[in-house]
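Results of the structural survey
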Amino acid sequence: MITDFLLHHTPALLVAVPLLGAFLTPIIGRISPIVRKIWVMGTMTLTSAIAVLLVYLVYTRGTFVYVFGALTPGLAIPPDSGGIPIRIIFTVDPMGAFMDLIVAVVGFCVILYSLSGDEKRTGLHYFYTLFLLLITSVLGMVSTGDLFNFFVFIEISSLASAGLVAFSVEQGRAVEAGLKYFMISTMGGIFLLFAIGILYGQYNALNIAMIAERMQFTSLDKIALVLMVVALAMKCGAVPLHFWTPDAYSLAPSTITAMLVVVSQASLYGLFRFVFTLYNLTLNYVTIGWVIIILGVLSMVIGVTMAIPQKDVKRLMAYHAVSQTGYMLLGVGVGLAVLGNQAALDTYGFIAIEGGLFHIINHALYKGLLFLTAGAIIYRIGTRDLNKMGGLGHSMKYTMIFFMIGALAIAGIPPFNGFASKLLIYESVYLFNPLLAIIAMVVSILTLASFVKVFHSIFMGPTLPEYSKVREAPPAMLIGMGILAVLIIAFGFFPQLVVDSLVAPAAHALINQGSYISAILGGA
Amino acid sequence: MAFDLTLLTGSGFWNPFFWLISIVVALILIYIIYAFGEKGYKRGTQQVKPFISGNPEPSKAGVHVRAGNLYWGYMDALKVYYAGLVPIHSGILTDYLLWLFSVAAILFVLVVLL
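Everything quoted here is computed from the prediction, not taken from an experiment.

Concerning helix α5 (residues 93-113) of chain B
Taking 1.5 Å of rise per residue, 21 residues should cover 30 Å, and α5 of chain B covers 29 Å from first to last C-alpha, within 8% of that figure. Contacts made by the buried residues of α5 of chain B are with α6 (172-203), α8 (219-235), α9 (244-251) and α11 (285-307) of chain A.

Quick look at the domain arrangement of chain A
By a widespread convention, an interface's size corresponds to the accessible area lost as its parts come together. All names here are of chain A. We note that the domain assignment places domain 1 (1-278) and domain 2 (284-493) within chain A. Here domain 1 and domain 2 have C-alpha centroids that lie 23 Å from each other. Taken together, the 46 residues of domain 1 in the interface contact 46 residues of domain 2. Summing both sides of the interface, domain 1 and domain 2 together bury roughly 3,800 Å²; the carbon and sulfur share of this comes to 77%.

Side note on helix α19 (residues 513-521) of chain A
Residues and elements named next belong to chain A. Of all the residues in α19, the buried ones are Gln513, Tyr516, Ile517, Ile520 and Leu521. Along the long axis of α19, the arc covered by the buried residues comes to 110°, so they all point the same way. Taken together, the buried residues of α19 touch β1 (64-67), β2 (89-92), α7 (208-214), α10 (254-279) and α18 (495-511). Glycine 522 lies just past α19 and shows a positive phi near 45°.

Let's talk about the layout of surface pockets
Any empty space left between atoms is shown by rolling a water-sized probe over those atoms. Residue and element names in this part refer to chain A. Computed from the structure, the largest pocket encloses a volume of approximately 540 Å³. Taken together, 26 residues form the lining of the largest pocket, with Arg121, Ser168, Glu170, Gln171 and Pro253 sitting closest to its centre. Only α3 (94-117), α9, α10 and α13 (342-381) provide two or more residues apiece to the lining of the largest pocket. With three residues, α13 is the single largest residue contributor to the lining of the largest pocket. Along the lines of polarity and charge, the residues of the lining of the largest pocket split into nine nonpolar, 11 polar and six charged. Lining the lining of the largest pocket are residues from two domains, each supplying at least three of them: domain 1 (1-278) and domain 2 (284-493).

Comments concerning the interface of chain A and chain B
Contacts between the two partners involve 68 residues from chain A and, on the opposite side, 49 residues from chain B. In total, about 5,000 Å² of surface goes out of reach between chain A and chain B, with carbon and sulfur atoms giving 78% of it. The three residues of chain A that bury the most area against chain B are Phe243, Phe493 and Gln496 of chain A, which together make up 12% of that side's buried surface. Applying the counting criterion to the chain A and chain B interface returns zero salt bridges. The interface formed by chain A and chain B includes 17 residue pairs in polar contact (both at pLDDT 80 or more). When residues of the side of chain A that touches chain B are traced back to their parent elements, those giving at least two are α6, α8, α9, α11, α15 (417-432), α16 (434-459), α17 (475-493) and α18 of chain A.

A few points about the side chain of threonine 129 of chain A
Residue and element names in this part refer to chain A. Mapping threonine 129 onto the fold places it in helix α4 (residues 124-143). For threonine 129, a relative accessible area of 11% translates into the label buried. Once you skip the residues sitting within four places of it in the chain, threonine 129 turns out to touch Ala22, Thr25 and Pro26.

Quick word on the confidence of the model for chain B
Residue and element names in this part refer to chain B. Per-residue pLDDT for chain B averages 88, and the proportion of residues at 70 or more is 97%. Per-element mean pLDDT across chain B ranges from 78 in helix α2 (residues 60-63) up to 95 in helix α4 (residues 79-85). Interface predicted TM-score (ipTM) for the complex: 0.91; the corresponding pTM is 0.94.

Observations concerning the pairing of β2 of chain A
Residues and elements named next belong to chain A. Of the two faces of β2, the one lined by Ile89 and Thr91 and the one lined by Phe90 and Val92 are each fully buried. Here four bridges tie β1 to β2, and the two strands are oriented antiparallel to one another. From the neighbouring strand, tyrosine 66 faces β2, where its bridge partner is phenylalanine 90.

Quick look at the side chain of serine 299 of chain A
Residue and element names in this part refer to chain A. As for its position among the elements, serine 299 is in helix α11. For serine 299, a relative accessible area of 0% puts it in the buried group. Here the side chain of serine 299 touches leucine 295 through a polar contact of 2.6 Å, landing on its backbone oxygen. Excluding anything up to four places from it in sequence, serine 299 contacts Ala238, Val239, Val304, Val322, Ser323, Gly326 and Leu329.

Digging into a nonpolar patch on the surface
Residue and element names in this part refer to chain B. On the surface, Leu8, Phe13, Phe17, Phe18, Leu20, Ile21, Val24, Val25, Ile28, Leu29, Ile32 and Phe36 cluster together to form a nonpolar patch covering roughly 1,200 Å² of accessible area. When residues of the nonpolar patch are assigned to their parent elements, the largest contribution, nine residues, is made by helix α1 (residues 16-35). Considering the arrangement of structural elements, one finds isoleucine 32 in helix α1.

Remarks on the nonpolar core
Residues and elements named next belong to chain A. Phe98 and Leu357 are the most contacted members of the largest nonpolar core, which has 238 residues in total. Of the residues forming this core, the biggest block, 23 residues, is contributed by α13. If we skip the residues at most four places from it in the chain, phenylalanine 98 touches Tyr59, Leu357, Ile360, Ile361, Leu502, Val503 and Ala506.

Section: the pattern of salt bridges
All names here are of chain A. Taken as a whole and judged by the stated rule, the model has eight salt bridges over all chains. Between aspartate 247 and arginine 315 there is a salt bridge, with the nearest N and O atoms lying 3.2 Å from each other. Here aspartate 247 is found in helix α9, whereas its partner arginine 315 is found in helix α12 (residues 313-337), with 68 residues between them in sequence. One salt-bridge network, in which partners are shared between bridges, spans Glu176, Lys180, Asp247 and Arg315.

Examining empty space enclosed by the protein
All names here are of chain A. Enumeration over the complete set of coordinates arrives at three cavities of 30 Å³ or more. Counted as a void, the largest cavity has a volume near 50 Å³. Lining the largest cavity, in full, are Cys236, Gly237, Thr245, Tyr249, Val261, Ser264, Ala321, Val322, Thr325 and His363. With three residues, the top contributor of residues to the lining of the largest cavity is α12. Partitioning the lining of the largest cavity into residue classes produces five nonpolar, five polar and no charged. Counting residues domain by domain, the lining of the largest cavity receives three or more from each of domain 1 (1-278) and domain 2 (284-493). In this structure, the second largest cavity is lined by Ile154, Glu155, Ser158, Ser185, Gly188, Gly189, Leu192, Ala231, Leu232 and Lys235.

Some remarks on the packing of helix α1 (residues 2-28) of chain A against α4 of chain A
A pair of packed helices is captured by two measures, namely the crossing angle of their axes and the spacing between those axes. Residue and element names in this part refer to chain A. One way to put it is that α1 packs onto α4 with a least axis distance of 8 Å and a crossing angle of 165°. The angle between α1 and α4 places the two elements in the roughly antiparallel class. The chirality of how α1 crosses α4 is left-handed. Across the interface between the two elements, Leu14, Val15, Pro18, Leu19, Gly21, Ala22, Phe23, Thr25 and Pro26 from α1 touch His125, Tyr128, Thr129, Leu132, Leu133, Ile135, Thr136, Leu139, Gly140 and Ser143 from α4.

Cut-off values and rules
- Residues numbered from 1 in each chain as written.
- Chains lettered and ligands numbered in written order.
- Predicted model: local features only at pLDDT ≥ 70, side-chain atom pairs only at ≥ 80, totals over all residues.
- Heavy atoms only, no water.
- Helix = DSSP H or I, 4+ residues; strand = E, 2+ residues; numbered from the N terminus.
- Expected span 1.5 Å × (residues − 1).
- Contact = heavy atoms within 4.5 Å.
- Domains from an automatic or database assignment.
- Buried area = accessible area lost by both parts, 1.4 Å probe.
- Buried < 20%, exposed > 50% of the residue type's maximum accessible area, 1.4 Å probe, protein only.
- Arc of directions from axis to C-beta.
- 1 Å grid on protein atoms, 1.4 Å probe; cavity = no way out; pocket = protein on both sides within 12 Å on 5 of 7 lines; lining within 4 Å.
- Points joined across faces, edges and corners; volume = space filled by probe spheres on them.
- Nonpolar A, V, L, I, M, F, W, Y, C, P; charged D, E, K, R; others polar.
- Salt bridge = Lys/Arg side-chain N within 4 Å of Asp/Glu carboxyl O.
- Polar contact = N/O pair within 3.5 Å; in protein donor to acceptor, adjacent residues only side chain to side chain.
- pLDDT = per-residue confidence, 0-100.
- Pairing = 2+ DSSP bridges.
- Patch = residues over 30% accessible without salt bridge, like charges linked within 9 Å, V, L, I, M, F, W, Y side chains within 5 Å.
- Areas by Shrake-Rupley, 256 points an atom, 1.4 Å probe, with all protein chains shown as cover.
- Core = buried A, V, L, I, M, F, W, Y, C linked by side-chain atoms within 4.5 Å.
- Axes fitted to C-alpha atoms, helices over the stretch in contact; angles between N-to-C directions.
- Parallel < 35°, antiparallel > 145°, perpendicular 65-115°, else oblique.
- Left-handed = near helix turned anticlockwise from the far one by under 90°.

Structure, rendered in structure tokens:
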């Protein structure tokens with residue numbers, strides 16, 4: 001009975017559980033801090049378990065269609081609807097499930113870490129309420145098959161993120177960063193809403209599959225595409241729309257920064273979903289492919305070169321996050337640029353897409369880990385200033401090891417996971433345009449140089465007198481970081497397994513517009 | 001599904017097992033060199049104190065090379081590049097919005113008009 005319920009309503013539970021958890025947190029949290037911790041941890045664990053179950057179902061049975069309010073959850077088109085899917089529909093294909101998995105893993109590790117890492121904060125009821133709302137929104141963004149529903153979830157993520165960025169109200173700059181994030185996200189939201197309005201006005205539908213089937217690529221569709229690309233490129237932190245990222249990432253609590261990486265990747269998912277599934281071959285894929293490639297190259301180069309001179313450890317990592325987003329845009333952009341050329345798609349385009357998608361999950365793991373290690377250091381010494389750090393390798397050995405794993409992974413050093421995805425990108429992009437691959441490799445070298453500086457500044461040298469009493473991070477924080485570190489190593493040693501079982505089905509789902517449409521419209 | 005270590009890249013392959021072997025060999029070599037080291041080393045004695053031509057040892061905080069002192073050569077070589085790049089990151093919200101509208105305008109021309 002319960003098993004049947006779970007199996008039939010998994011997508012609904014995926015957002016219902018964290019949403020309920022979020023709204024009950026301010027009430028339950030008042031009982032005691034211990035109860036609050038158990039409640040938050042329990043909610044996140046259950047959410048992650050549901051997400052993993054959903055991923056399993058999608059990867060073994062195919063796309064999961066869930067219709068809210070229908071007599072049967074799979075009834076996408078009611079008999080009296082005139083052939084239009086009128087209800088909110090979650091369409092979780094392997095691409096969406098792939099993103100669900102990222103949210104589940106990183107969210108679980110972050111909340112585990114947060115139980116110790118954020119315990120000194122005040123107002124934790126509200127902190128965890130916003131945190132769980134953020135989880136809800138990201139899971140919704142990557143699961144929904146409805147454009148307006150996507151907009152609602154992205155707005156929830158913007159509001160929750162802005163509140164969490166500004167959470168340390170005692171730091172005026174955090175509030176300023178939150179306000180900037182809120183304003184720029186609102187503008188992006190307006191762009192997105194306008195684009196959705198244009199599509200709804202033309203096609204009389206909000207369902208992605210329905211619009212995709214009717215897509216004509218008129219001038220209005222082109223305007224909608226531009227608005228979507230700009231809004232989502234901004235949300236994912238692509239250069240030159242990245243300016244909010246160093247402000248928000250550096251001033252948010254470290255746990256939130258790790259989650260903001262996942263939020264950005266959900267926006268990246270949105271960008272890829274709309275370009276590939278909503279428009280696909282109807283758009284000028286060469287032009288849009290090159291637009292995404294150029295955004296990727298700019299992000300890689302400007303992100304890493306802006307990171308090197310930074311003296312705030314989290315600001316430095318924020319610029320690296322921008323740089324790494326560039327790799328994902330480059331890989332998937334190359335795949336899009338050759339979407340209509342089957343020979344090129346088979347030779348290198350599909351592998352470029354695989355590389356870009358593989359880099360998404362790798363980036364979530366190692367960048368999440370790096371932000372958590374930065375948080376552990378700040379938790380112990382109380383500063384983000386690299387000029388004030390040094391010698392912490394003597395007292396924070398485990399944190400240092402985790403940092404090394406994350407740093408080597410982001411720099412693309414074998415055998416860590418970052419190398420595997422970057423190798424796929426280098427080799428496939430080289431066949432498309434050698435110069436782009438060379439730029440990507442140079443950026444990796446600069447990334448390594450930057451993290452050598454950070455490693456030396458934080459951990460090397462003699463124990464500084466002011467840090468002579470510094471201790472290792474608390475166990476809960478170490479466990480959270482440890483899980484991510486183990487996954488980074490595992491993904492590095494078994495890359496083909498990850499590609500075959502997770503990445504390739506997601507890449508196929510992304511480019512195969514027909515199967516997405518038929519999952520909803522079927523025989524309609 | 002077999003736990004295949006080899007990643008196929010379309011035009012090549014990568015197997016982390018060879019890298020692992022290299023690391024193990026390197027660690028063995030490091031250990032051999034370490035084993036040839038001075039046996040009479042005593043931790044916490046005068047042996048570990050640095051000798052700087054008879055000058056007193058500076059404070060621990062004084063000898064640590066801080067982040068701001070690293071890569072000055074790189075920064076100096078690229079100061080023209082950074083002179084143009086850094087001011088763009090003004091931190092002013094209206095500038096951020098201006099970039100947003102500018103990119104939208106460029107894409108509008110590229111995608112809609114051309």
